[in-house]
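Here is how the chains run, residue by residue.
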Amino acid sequence: MKRKCFVCGKSKKEIIHHQKFGRFNGEMVFNYAVVVCKECGAVFADETPPQKIYDAYYRDMSKYEELAEESRVSLDLHSAHERIAVIVSRFLRNKNAKILDIGCATGDALFEFKRKGYENVSGIDPAPHCRKIAQQLYGVDVETATLSTWDPAPGSYDLITLSHVLEHVIDVGTVLKKLYQALTSTGFLYIEVPAAHQFMKKPEGFFEHFSMEHVNYYSPKTLTSLMRRFGFKEEYLKIEKNEKGFYPYFPVINSLWKKGGDVRFVIQHTDELERSIRKYVDFNRLATQKVIQKVGEIVQTKTPIILWGAGSHTLKLFAYTNIKEANIVAIVDDTKRLQDKKIEGISIQPHSSIIDTKATILISSSMVQEKIKQRIQKVLKLKNKILTLY
């Protein structure tokens, strides 16, 4: 679908990059164009699937339930959620405040608020099983809903948090209007999103920051313009660098906004984000050529390959390289909800299905390549030869 700029609402735009993916489960195709708004300088995905396709993906493909069930929610994720509670607690003094976390998964962030003394907490998440697990683990109530179906009463909440949600939303304006109405007259809105203007701090390779689901790219300036346009004023904004490799493994913008900004604010054009994204695209075009070459060499050997990982990176491998011509004996991913699915007709299997297989493992990731390698060798204790692309 064609989109207007999510920051200024204008239609004049220029394509920077076409992002392609292989076919997931025979029908889900998330290809899009990365464009820059020529009016304000915002960067976003255009020619995207409609929101209902993304909503179905989040409903059916969530991995957070099984991470919680298996006690595999990482310390990094706990730390990220604790950081949110610490920031908010500086501004929200009322421990009886009504707090809602949108996209709450299994409620880990809500638990951090409870640890800070806030008891009136709840969440919404599109994945149905999250509701049961959040109640079992943390005693918090979660409604199964998307931002499209959520229907709050006006003035219901003192704080609403969206951590790594707003980059996934097609119609940002409609969502912000709904959030504004759902807050009390002095309510706060916490927003955390990837810091797209700093993608080159961790450029990785193979357009890793252009995932299937991320459709909006933020810098402090574009986020501020967006929030002020819809009536919010800044209370706190900081870049979290995540330099030590902590989740989410790249710089993010932490921000807190209060209802009551001046909607007469005039959005000024900025080229900061465009310049940064163009550098990122140039870097990754070169990196992609190296990946294409490496995959080509692997294909020529006809070595039996276990392709490890069934995420965006693997879908890009099928779109940009000749990996399909390789001697692939399995695609492995331990995310249970992926295991009855296919990528380009090849079934996704758990690692238990290949324990006795002597094939070479090819890790399909740039961002967490080394973490996967350590898990294969030190946790799963597999002896297979391992190949990496970076």
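Residues numbered from 1 in each chain as written. Predicted model: local features only at pLDDT ≥ 70, side-chain atom pairs only at ≥ 80, totals over all residues. Heavy atoms only, no water.

### Brief notes about the packing of aromatic side chains
Applying the stated criterion across every chain, the model contains 18 aromatic pairs. Consider the rings of phenylalanine 111 and tyrosine 138, whose centres lie 4.9 Å apart with planes at 25 degrees: the pair is stacked. Residue phenylalanine 111 is located in helix α4 (residues 108-115), and its partner tyrosine 138 is located in helix α5 (residues 129-138); the two are separated by 27 residues in the primary sequence. With a relative accessible area of 31%, phenylalanine 111 lands in the partly exposed category. Among the residues examined, tyrosine 138 registers a relative accessible area of 15% and is labelled buried. Put simply, the rings of Phe24, Phe30, Tyr54, Tyr57 and Tyr58 pair up and form one aromatic cluster. The residue whose ring lies beneath lysine 20 is tyrosine 320, and the NZ or CZ to ring-centre distance is 5.0 Å. Here lysine 259 stacks its cationic end above the ring of tyrosine 180, 4.5 Å away from the centre of that ring. (Phe/Tyr/Trp six-rings, centres within 6.5 Å; stacked < 30°, edge-to-face > 60°. Helix = DSSP H or I, 4+ residues; strand = E, 2+ residues; numbered from the N terminus. Buried < 20%, exposed > 50% of the residue type's maximum accessible area, 1.4 Å probe, protein only. Lys NZ or Arg CZ within 6 Å of the ring centre and 35° of its normal.)

### Focus on the sheet that holds strand β3 (residues 43-46)
Spatial ordering of the open sheet is given by β1-β2-β3-β9, a layout of four strands whose pairing is antiparallel. Pairing within the sheet leaves two strands with one partner each, and these edge strands are β1 (13-19) and β9 (216-217). Of the pairings in the sheet, the one linking strand β2 (residues 32-37) to β3 comprises four bridges and is antiparallel in character. Residue pairing in the sheet places valine 34 in a bridge with alanine 45 of β3. Together, β1, β2, β3 and β9 form the strand contacts of helix α8 (residues 272-301), whose direction differs from that of β1 by roughly 30 degrees. (Pairing = 2+ DSSP bridges. Contact = heavy atoms within 4.5 Å. Axes fitted to C-alpha atoms, helices over the stretch in contact; angles between N-to-C directions.)

### Some points on helix α9 (residues 312-320)
For an α-helix, the turn length of 3.6 residues means that residues three or four places apart are oriented alike. In terms of residue burial, α9 counts as a mostly covered element, since eight of its nine residues are buried. Looking only at α9, the buried set comprises Ser312, His313, Thr314, Leu315, Lys316, Leu317, Phe318 and Tyr320. Each element contacted by the buried residues of α9 is listed here: β1, α8, β12 (304-308), β13 (327-332), β14 (342-343) and β15 (346-349).

### So, the pattern of salt bridges
In total, this model carries 13 salt bridges according to the counting rule given. A salt bridge links lysine 38 to glutamate 274; its shortest N-O distance comes to 3.8 Å. Taken together, the residues span a long stretch of sequence, with lysine 38 in the loop between β2 and β3 and glutamate 274 in helix α8 at a distance of 236 residues. Lysine 324 is paired through a salt bridge with glutamate 344; the nearest N and O atoms lie 3.6 Å apart. Of the two residues, lysine 324 is situated in the loop between α9 and β13 and glutamate 344 in the loop between β14 and β15; the sequence distance between them amounts to 20 residues. Linked through salt bridges whose partners overlap, the residues forming this network are Glu14, Lys38, Glu274 and Arg278. (Salt bridge = Lys/Arg side-chain N within 4 Å of Asp/Glu carboxyl O.)

### Side note on the layout of surface pockets
Computed from the structure, the second largest pocket encloses a volume of approximately 220 Å³. Lining the second largest pocket are 14 residues, and of these Lys4, Cys5, Phe6, Ile170 and Asp171 lie nearest its centre. With four residues, helix α6 (residues 172-182) is the largest single contributor of residues to the lining of the second largest pocket. Classifying every residue of the lining of the second largest pocket by side-chain character gives five nonpolar, three polar and six charged. (1 Å grid on protein atoms, 1.4 Å probe; cavity = no way out; pocket = protein on both sides within 12 Å on 5 of 7 lines; lining within 4 Å. Points joined across faces, edges and corners; volume = space filled by probe spheres on them. Nonpolar A, V, L, I, M, F, W, Y, C, P; charged D, E, K, R; others polar.)

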